[in-house]
Amino acid sequence: MKYESTRGSKLKKTGPQAIIQGIAEDKGLYVPERIPALPFKVEDMAGKSYKEIAFKVMGAFFDDFTEEEMRHCIDGAYDSKFTVPDVVELKEAGGAHFLELYHGKTAAFKDMALSILPYLMTASCRKEGVTDKICILTATSGDTGKAALEGFADVPGTEIVVFYPTGGVSRVQERQMVTQEGANTHVFAIRGNFDDAQAGVKNIFNDDNFAAQLAARGVRLSSANSINIGRLVPQVAYYVYSYVKLVERGAIKAGKPMNVVVPTGNFGNILAAFFAREMGVPINKFICASNENKVLTDFIRTGIYDIRNNVREFYCTNSPSMDILISSNLERLLYLLSGRDGDAVCNLMEKLDNDRVYEVPAAVREALGVFYGGFASENETLDTIGKMWLNEGYMMDTHTAVAYKVYRDYVRETGDAETPTVIASTASAYKFAESVSAACGIGPCNDGFEYVAELAAATGIEIPYGLRDLDKKTVLHEGIVDADKMMDAVSEALR
Ligand SMILES: *Cc1c(COP(=O)(O)O)cnc(C)c1O
């Protein structure tokens, strides 16, 4: 299986090459030259473990790896770091199936991909004979940063540098990152928002001079953001797994479609669901849920992507991991929906850079019909958490609550209450303890960490091991830099 760029470059890469590189030479993102079909019949997978399904799904995309190599990656990644018996859990509540993806080390779904990416990266370097040190550059809206740090900490031959927006992440998220141990880990707050961090990282990737300087020092850059195809492919597995489980439990008849609801920021997670559908998993609607930064809701409804300052403000919300206006992975969707027209994608991305607005052609707009877009305000989010806890005894974090609220809107608007629906549950409520406590009438407390303890006392839900005693850990990273000084920070960190 080869990988091609969304911007039309004719240079195809192998899976391992695409993983090492992160972003294509023409600034596009890598996509497989065709989406592979499911390598099994869903009915035959009943009773199979998460690891078994992931092995088959990922193997179909990354066929350059031997079975032995892929097994090694999967066994290393999905071990006892995950605290539930089968890596993820699918739980029923409030008329939906919640796919809990947050039982890993950092208590967010980012662990699903970032616990395996370091294995894929190391195996890729070995395959390609790359002996340079790989420096992973990461912009984070809160969860990717910590998951990438945990994944790459002390992995030989790598350095990891993370940038997060000051004031743009929760107390717990920040504390998780700045207390990270590992000699190869570097964490910086930037003065700016997530879009600034992501743009800064992309600029560093696209700077040929900087790449040459680093090459002279035996270093090359790669990405742990969802622009890296090695992030996306592992995420396809859990949508396939959900469908298998629904069939196995008799919640759905094999061949009948499910809906998928995803709280969306950079469009990576929902794109993984789209890949699953292209593989052959029957999916009726992709319900794309946003917070007040609802650029995607408007895009899905109008075909116009508009982030002009006079049209849209950037809001810091209680679901900070979705406080994003420039959704990188939308580029991959546009590429697929436009019949792999790299020139057309190039055009749209240039418009976005220059005019901060673009409109897709009619055919793409029509193809967007499998998506439903909606959003939740901060108050609606809290209200949704409170009611679900009170009525169903089921706890959601703020991001998952955005998804559930938008799902209820979808049902009301379309009348489709019958299609079994899987909601991607993306984080532990404890990561956003302050907001979740407020939603459940707990507090006020003096300090962000007191909320964690109070929430545990009030609900009896166990605190994820990665979030315990965070307030007692030593702060090891205190750097704060301007958004236009990120390159210097990387250069310094690598000294
Ligand atoms: C990253 C994140 C999201 C958004 O996922 P994307 O793949 O960026 O769309 C949603 N919820 C949580 C908790 C996250 O950490």
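**Student:** Any chance you could explain the site of the ligand here in plain terms?
**Tutor:** The full set close to the ligand counts 15 residues, and Lys-110, Asp-143, Gly-265, Asn-266 and Asn-269 are the nearest of them. In the environment of the ligand, an oxygen atom lies 2.4 Å from a nitrogen or oxygen atom belonging to the side chain of Asp-143. For the ligand, a nitrogen atom lies 2.9 Å from a polar atom in the side chain of Thr-426. Relative to its unbound accessible surface of 380 Å², the ligand loses 98% to contact with the protein.

**Student:** What am I meant to see in the sheet that holds strand 7 (residues 158–165) here?
**Tutor:** Read across the open sheet, the five strands follow the order 9-6-7-8-16; overall the sheet is parallel. The sheet is open, and its two edges are formed by strand 9 (219–223) and strand 16 (479–482), each paired on a single side. For this sheet the average axis-to-axis angle between neighbouring strands, irrespective of direction, equals 30°. Taken together, the six bridges between strand 6 (residues 133–139) and strand 7 define a ladder with parallel strand orientation. By the bridge assignment, Thr-138 is partnered in strand 7 with Val-162. Together, strand 6, strand 7, strand 8 (185–191) and strand 16 form the strand contacts of helix 20 (residues 486–493), whose direction differs from that of strand 7 by roughly 150°.

**Student:** Could you clarify how one ought to interpret the pairing of strand 6 in this entry?
**Tutor:** Across a regular strand the side chains alternate sides, sitting on one face of the sheet and then on the other. The buried fraction of strand 6 amounts to six of the seven residues, a majority that puts the element mostly inside the structure. Alignment of strand 6 against strand 9, held across five bridges, turns out to be parallel. Within the sheet, the bridge partner assigned to Lys-133 lies in strand 9 and is Val-219. Note on the crossover from strand 6 through helix 6 (residues 143–152) to strand 7: the handedness is right-handed.

**Student:** I would appreciate a short explanation of the environment of Glu-413 in the present structure.
**Tutor:** By the secondary structure assignment, Glu-413 is in helix 17 (residues 398–414). Spatially, the C-alpha atoms of Glu-413 and Glu-67 are 46 Å apart, while their sequence positions differ by 346 residues. Ignoring sequence-local partners within four residues, the contact set of Glu-413 consists of Arg-301 and Tyr-372.

**Student:** So what exactly am I meant to see when it comes to the packing of helix 13 (residues 330–337) against helix 14 (residues 342–355) here?
**Tutor:** Between two packed helices, both the angle of their axes relative to each other and the distance between the axes serve to describe the pair. Remark: helix 13 packs on helix 14, axes separated minimally by 9 Å, with the N-to-C direction vectors making an angle of 140°. Remark: the crossing between helix 13 and helix 14 carries right-handed chirality. Of helix 14, the residues touching helix 13 (which contributes Glu-331, Leu-334 and Tyr-335) are Gly-342, Val-345, Leu-348 and Met-349. Here the residues of the contact of helix 13 with helix 14 are counted per class, giving five nonpolar, one polar and one charged.

**Student:** How do you make sense of the pattern of salt bridges when you look at a structure like this?
**Tutor:** Proximity of charged atoms lets side chains of opposite charge pair with each other. For the coordinates displayed, the defined rule picks out 31 salt bridges. Across the pair Lys-431 and Asp-143 runs a salt bridge whose closest N-O atoms are separated by 2.7 Å. Note that Lys-431 is positioned in the loop between strand 15 (421–425) and helix 18 (433–439) and Asp-143 in helix 6, a separation of 288 residues in sequence. The residues Lys-431 and Asp-143 share a single accessibility class, namely buried. Look at the salt bridges and you will find they share partners, linking Glu-4, Lys-12, Glu-33 and Arg-340 into a network.

**Student:** Explain the pairing of strand 4 (residues 89–93) here, please?
**Tutor:** In this structure, strand 4 lies alongside strand 5 (residues 96–100), joined through five bridges in antiparallel fashion. What sits directly across from Glu-92, in strand 5, is His-97. Counted along the chain from strand 4 to the antiparallel partner strand 5, the turn is two residues long, and its residue Gly-94 has a positive phi close to 55°.

**Student:** What exactly am I supposed to notice about the sheet that holds strand 10 (residues 258–263) here?
**Tutor:** In a beta sheet, neighbouring strands pair by backbone hydrogen bonds and run either parallel or antiparallel. Ordered in space as 4-5-15-10-11-14, the six strands form an open sheet in which the pairing is mixed. With partners counted over all chains shown, the strands left at the sheet margins are strand 4 and strand 14 (371–375), one partner each. Between one strand and the next, the sheet's axes are offset by a mean angle of 25°, whatever the strand orientation. With five bridges connecting them, strand 10 and strand 11 (residues 283–290) associate as parallel partners. Residue pairing in the sheet places Val-260 in a bridge with Phe-286 of strand 11. Of the strands in this sheet, strand 11 and strand 14 touch helix 12 (residues 295–302), which is tilted by about 140° from strand 14.

**Student:** Explain the environment of Asp-196 to me, please; I cannot follow it from the model alone.
**Tutor:** Position of Asp-196 relative to the elements: it lies in helix 8 (residues 194–205). On the basis of relative accessibility, which here comes to 34%, the residue Asp-196 falls in the partly exposed class. In sequence terms Asp-196 and Ile-326 are 130 residues apart; their C-alpha atoms lie 9.7 Å from each other. Each residue touching Asp-196, except ones within four places of it in the same chain, is listed here: Ile-190, Ala-483 and Met-486. A polar atom in the side chain of Asp-196 sits 2.9 Å from the backbone nitrogen of Asn-193.

**Student:** So what exactly am I meant to see when it comes to the packing of aromatic side chains here?
**Tutor:** Aromatic rings considered in pairs are described by the distance between their centres and by the relative angle of their planes. What the rule picks out here adds up to 19 aromatic pairs. On the basis of an interplanar angle of 15° and a centroid distance of 6.1 Å, the ring pair of Phe-61 and Phe-275 is categorised as stacked. On the criterion of sequence distance, the pair formed by Phe-61 in helix 2 (residues 50–61) and Phe-275 in helix 11 (residues 268–279) is long-range, its members being 214 residues apart. Comparing Phe-61 with Phe-275 shows no difference in burial state: the two are buried.

**Student:** Whenever I open this one, unusual backbone geometry confuses me. Can you help?
**Tutor:** In this structure, Pro-444 follows Gly-443 across a cis peptide bond, with omega equal to 5°. Here Pro-444 is to be found in the loop between helix 18 and helix 19 (448–459). Positioned with a positive phi, Arg-340 is a non-glycine residue whose angle comes to about 60°. Here Arg-340 shows up in the loop between helix 13 and helix 14.

**Student:** Got a minute to help me understand the side chain of Lys-245 in this structure?
**Tutor:** Tracing the backbone through its elements, the reader meets Lys-245 in helix 10 (residues 229–248). On the accessibility criterion, Lys-245 (8% relative accessible area) is buried. Excluding its chain neighbours within four sequence positions, the residues that come into contact with Lys-245 are Lys-48 and Leu-90.

Calculation rules
Residues numbered from 1 in each chain as written. Predicted model: local features only at pLDDT ≥ 70, side-chain atom pairs only at ≥ 80, totals over all residues. Heavy atoms only, no water. Near = heavy atom within 4 Å. Polar contact = N/O pair within 3.5 Å; in protein donor to acceptor, adjacent residues only side chain to side chain. Areas by Shrake-Rupley, 256 points an atom, 1.4 Å probe, with all protein chains shown as cover. Pairing = 2+ DSSP bridges. Helix = DSSP H or I, 4+ residues; strand = E, 2+ residues; numbered from the N terminus. Axes fitted to C-alpha atoms, helices over the stretch in contact; angles between N-to-C directions. Contact = heavy atoms within 4.5 Å. Buried < 20%, exposed > 50% of the residue type's maximum accessible area, 1.4 Å probe, protein only. Right-handed = clockwise from strand over helix to strand, strands pointing away. Left-handed = near helix turned anticlockwise from the far one by under 90°. Nonpolar A, V, L, I, M, F, W, Y, C, P; charged D, E, K, R; others polar. Salt bridge = Lys/Arg side-chain N within 4 Å of Asp/Glu carboxyl O. Phe/Tyr/Trp six-rings, centres within 6.5 Å; stacked < 30°, edge-to-face > 60°.

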